[in-house]
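Now for the letters of each chain:
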Amino acid sequence: GQQGSTGPKGLQGSQGPTGPPGSQGSKGSNGLQGPKGASSDFGRIAFAAVRNHTSEQFISSTTITYNVPVENIGNAFSHESGIFTCPESGSYFFSFSAESDSSSSFGAIHVHVNINGKNEFVIDNHYEKDKSIKNLSYQWSSKLKAGETMKLMITSGRLRYASNREIHFRGV
């Protein structure tokens, strides 16, 4: 006789044993290249400068300048003007040290960190009644954009400098 019609679908059976692994496929093509990342060349921009010329003092409302350029990798710092011009956006680390002269009538020394003509924060030291010379030292980091400028300005008090009393400013 003739074959009958297909019957209803039966229940699903249990899973059978795992078969042998297949052969390895061919290597795929490389993906798209990602965007260029930020530079990690630490020290590509670095400067250090010293003020140690004669026995003089900086007084209020003065930008600190330097007579000895120790290092200027990337040519971003002008020791003559005391201005750092950021060559590329990023985070920078700075340090400053000097001796403040408290033998005058000033009650404190204020050195402002000035970015783009605006005083961002102050490095300061308030004097005791002993009228002695005090060390002034500070370290900080700043996130700067390309073209921004930074300088240090005395807005109150006096800094001493001489061959044995140096003012240091460094950045990387």
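Shown above is the structure to which this text applies.
Remember, it's a predicted structure, so these values are computed and weren't measured experimentally.

Draft legend 1. Looking closely at the overall build of the protein chain. Looking only at helices and strands, the protein chain features zero helices and 13 strands. Burial status across the protein chain gives 33% buried among its 172 residues. For the protein chain, long-range pairs separated by at least 24 residues make up 72% of all intrachain contacts whose partners lie at least 6 apart in sequence. Summed over its atoms, the accessible surface of the protein chain is roughly 11400 Å², and 48% of this surface lies on carbon and sulfur atoms.

Draft legend 2. Seen up close, the nonpolar core. F84, F96, V111 and L159 are the most contacted members of the largest nonpolar core, which totals 28 residues. The set of elements that each furnish at least two residues to this core consists of strand 1 (46-51), strand 7 (90-101), strand 8 (108-115), strand 10 (133-144), strand 11 (149-156), strand 12 (159-161) and strand 13 (167-171). Once residues lying within four places of it in the same chain are set aside, the contact partners of F96 are I64, V111, I123, L136, S137, Y138, W140, L152, L159, I167 and H168.

Draft legend 3. Structural view of the side chain of T65. Position of T65 relative to the elements: it lies in the loop between strand 3 (62-63) and strand 4 (68-73). With relative accessibility at 17%, the residue T65 sits in the buried group.

Draft legend 4. Structural context of the packing of aromatic side chains. In the structure shown here, the tally under the stated rule is 16 aromatic pairs. Geometrically, the ring pair formed by F47 and F77 is stacked, given 4.2 Å between the ring centres and 10° between the ring planes. Separated by 30 residues along the polypeptide, F47 in strand 1 and F77 in strand 5 (residues 77-78) bring together distant segments of the chain. Across the pair, exposure class does not vary: F47 and F77 are buried alike. One aromatic cluster is present, formed by F47, Y66, F77, F84, Y92, F94, F121, Y138, W140 and F169 through successive ring pairs.

Draft legend 5. Examining the environment of T62 more closely. The topology assignment puts T62 in strand 3. Separated by 92 residues in sequence, T62 and I154 place their C-alpha atoms 5.4 Å apart. Excluding its chain neighbours within four sequence positions, the residues that come into contact with T62 are L152, M153 and I154.

Draft legend 6. Representation of the pairing of strand 11 within the structure. For strand 3 and strand 11, the ladder comprises two bridges, and the chain directions are antiparallel. The residue bridging T62 from the neighbouring strand is I154, located in strand 11. Bridge count for strand 6 (residues 83-85) against strand 11 is two bridges, and the pairing is antiparallel. Across the sheet, T85 pairs through a bridge with T149, a residue of strand 11.

Draft legend 7. Focus on the side chain of N125. For N125, the position within the fold is in strand 9 (residues 118-126). With sequence-adjacent residues up to four places away left out, N125 is seen in contact with S100, A108, I109, K134, N135 and L136.

Draft legend 8. Fine view of the environment of Y138. Within the element layout of this structure, Y138 appears in strand 10. With a relative accessible area of 35%, Y138 lands in the partly exposed category. The residues contacting Y138, other than those within four sequence positions of it, are F94, S95, F96, F121 and I123.

Draft legend 9. Looking closely at unusual backbone geometry. Residues other than glycine seldom take positive phi values, yet N75 does so here, at roughly 50°. Here N75 is to be found in the loop between strand 4 and strand 5. The exposure class of N75 is exposed, given its relative accessible area of 66%. The phi dihedral of N116 is positive, around 55°, even though this residue is not glycine. By the secondary structure assignment, N116 is in the loop between strand 8 and strand 9.

Cut-offs and rules
Residues numbered from 1 in each chain as written. Predicted model: local features only at pLDDT ≥ 70, side-chain atom pairs only at ≥ 80, totals over all residues. Heavy atoms only, no water. Helix = DSSP H or I, 4+ residues; strand = E, 2+ residues; numbered from the N terminus. Buried < 20%, exposed > 50% of the residue type's maximum accessible area, 1.4 Å probe, protein only. Contact = heavy atoms within 4.5 Å. Areas by Shrake-Rupley, 256 points an atom, 1.4 Å probe, with all protein chains shown as cover. Core = buried A, V, L, I, M, F, W, Y, C linked by side-chain atoms within 4.5 Å. Phe/Tyr/Trp six-rings, centres within 6.5 Å; stacked < 30°, edge-to-face > 60°. Pairing = 2+ DSSP bridges.

These figures capture arrangement, not role.
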